[in-house]
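Listed below are the residues making up each chain.
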Amino acid sequence: MAIRKKSTKSPPVLSHEFILQNHADIVSCVAMVFLLGLMFEVTAKASIIFVTLQYNVTLPATEEQATESAFLYYYGIKDLATVFFYMLVAIIIHAIIQEYVLDKINRRMHFSKTKHSKFNESGQLSAFYLFSCIWGTFILISENYISDPTILWRAYPHNLMTFQMKFFYIAQLAYWFHAFPELYFQKTKKEDIPRQLVYIGLYLFHIAGAYLLNLNHLGLVLLVLHYFVEFLFHISRLFYFSDEKYQKGFSLWAVLFVLGRLLTLILSVLTVGFGLARAENQKLDFSTGNFNVLAVRIAVLASICITQAFMMWKFINFQLRRWREHSTFQAPTVKKKPTVTKGRSSRKGTENGVNGTVTSNGADSPRKRKEKSS
């Protein structure tokens, strides 16, 4: 009588890869819940907090704007709900770019695992930086920041923002908050997570600081300047992965990176150190959003200067590493002179060596050692 062995198969469990491949679908369902909530009167009041911008103010028309009323916004605690919703939207857009653009390119190029992760990182960031640069430049032009730089500090506090300005900051915060779950979704290596957390934290710290301290005008200019330089770096890295001989983009980026750091420091000192320091109203007032006091100005300048110094330190180390690799790659190799042995043909000498050079064991081949031993 045959004895049947008990099955040792474990019950089916959702694999890690299955969860990663379907995270966009799960997030899409959650976002649809908020959108469908707008259709019903019971849930509309709750859903509208997540989907639309809050804290709007309508200013009556003036003599300069006799035909239109101005719709401005200020910030509040409800903005966290709006940031959460658009964080879900950022995750969905991230998955679309990854699946329909980057993954197709990766299949054609056959990158290694290291290049694969770096290519995905640069592809996602270059798309975000390009979009943010175009959007931020449009706001700068529409609000005459370029023609009149004194807007950066004049009439502070800038506690009332246009729709485009507030939506821009909400989108920036949402994107960098979405980078935290993407570390899990993209299966980031453990050794790369500290580096990722540092620059994500720096972005959130400075963007949220400019937003909460009502320095949104200065923050917008510095973000556009910084994003343009970063876009050039990541697009150059994408070209480098397709052709490793491509170096022109990195050379241009190196020059603009240094200029970007100098312009950031100059604009920050002019706005915070001179413009706000000479303003009449220098009293801390939370109700009006006025933070123009000496302690806050010192803290703002210190954080900007420390961040720029940290970036320059990383930049110098990066350039030194590249120069070492470049010098090592182009170092001339010393060729050994071919040695001629009696009683051997040139053909045999070529077989033992490389390009006519005898190898170390060519003078005493295994066959000859065997004859000696016998």
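Residues numbered from 1 in each chain as written. Predicted model: local features only at pLDDT ≥ 70, side-chain atom pairs only at ≥ 80, totals over all residues. Heavy atoms only, no water.

By the naming in an unreviewed UniProt entry, the protein is Translocating chain-associated membrane protein, taken from Camelus ferus. Turning to the protein, the UniProt annotation filed under Subcellular location (unreviewed entry) states: "Endoplasmic reticulum membrane". (UniProt positions renumbered as here; feature names shortened; annotations may be inferred.)

On to helix H9 (residues 248-275). For H9, which comprises 28 residues, the first-to-last C-alpha distance of 39 Å matches the rise-based estimate of 40 Å (1.5 Å per residue) to within 8%. Maximum bend of H9: about 25°, positioned at valine 269. Three or more residues of H9 are buried, namely Gly249, Phe250, Trp253, Ala254, Phe257, Gly260, Arg261, Thr264, Ser268, Thr271, Val272 and Gly275. (Helix = DSSP H or I, 4+ residues; strand = E, 2+ residues; numbered from the N terminus. Expected span 1.5 Å × (residues − 1). Bend = angle between axes of the 7 residues up to and from the residue. Buried < 20%, exposed > 50% of the residue type's maximum accessible area, 1.4 Å probe, protein only.)

Let's shift gears to the side chain of asparagine 290. Secondary-structure assignment places asparagine 290 in the loop between H9 and helix H10 (294-329). Its relative accessible area of 0% is what places asparagine 290 among the buried residues. A distance of 3.2 Å separates polar atoms of two side chains, one belonging to asparagine 290 and the other to asparagine 281. For asparagine 290, the side chain forms a polar contact with the main-chain nitrogen of asparagine 292, separated by 3.1 Å. With near-sequence residues (within four places) excluded, asparagine 290 lies in contact with Tyr156, Pro157, Asn281, Lys283, Leu284 and Asp285. (Polar contact = N/O pair within 3.5 Å; in protein donor to acceptor, adjacent residues only side chain to side chain. Contact = heavy atoms within 4.5 Å.)

Attention shifts here to the UniProt feature "transmembrane region" (unreviewed entry) in the protein. Here the UniProt-annotated "transmembrane region" (unreviewed entry) positions come out as residues 26-51, 83-102, 123-147, 167-185, 197-214, 220-240, 252-274 and 294-316. Overall, residues 220-240 shows 100% helix and 0% strand. The separation of its end C-alpha atoms is 30 Å.

Before going further, it helps to examine the nonpolar core. In a soluble, globular protein the nonpolar side chains are often hidden away together inside. Core analysis: the largest hydrophobic core is formed by 46 residues, its most contacted members being Tyr129, Tyr169, Trp176, Ile207, Leu220 and Tyr227. Sorting the residues of this core by element identifies helix H2 (23-37), helix H4 (79-109), helix H5 (113-142), helix H6 (163-185), helix H7 (193-212) and helix H8 (216-242) as the ones contributing at least two each. Considering every element that reaches this core, the biggest residue donor is H6, with 10 residues. If we skip the residues at most four places from it in the chain, tyrosine 169 touches Ile207, Ala210, Tyr211, Leu215, Asn216, Gly219 and Leu220. (Core = buried A, V, L, I, M, F, W, Y, C linked by side-chain atoms within 4.5 Å.)

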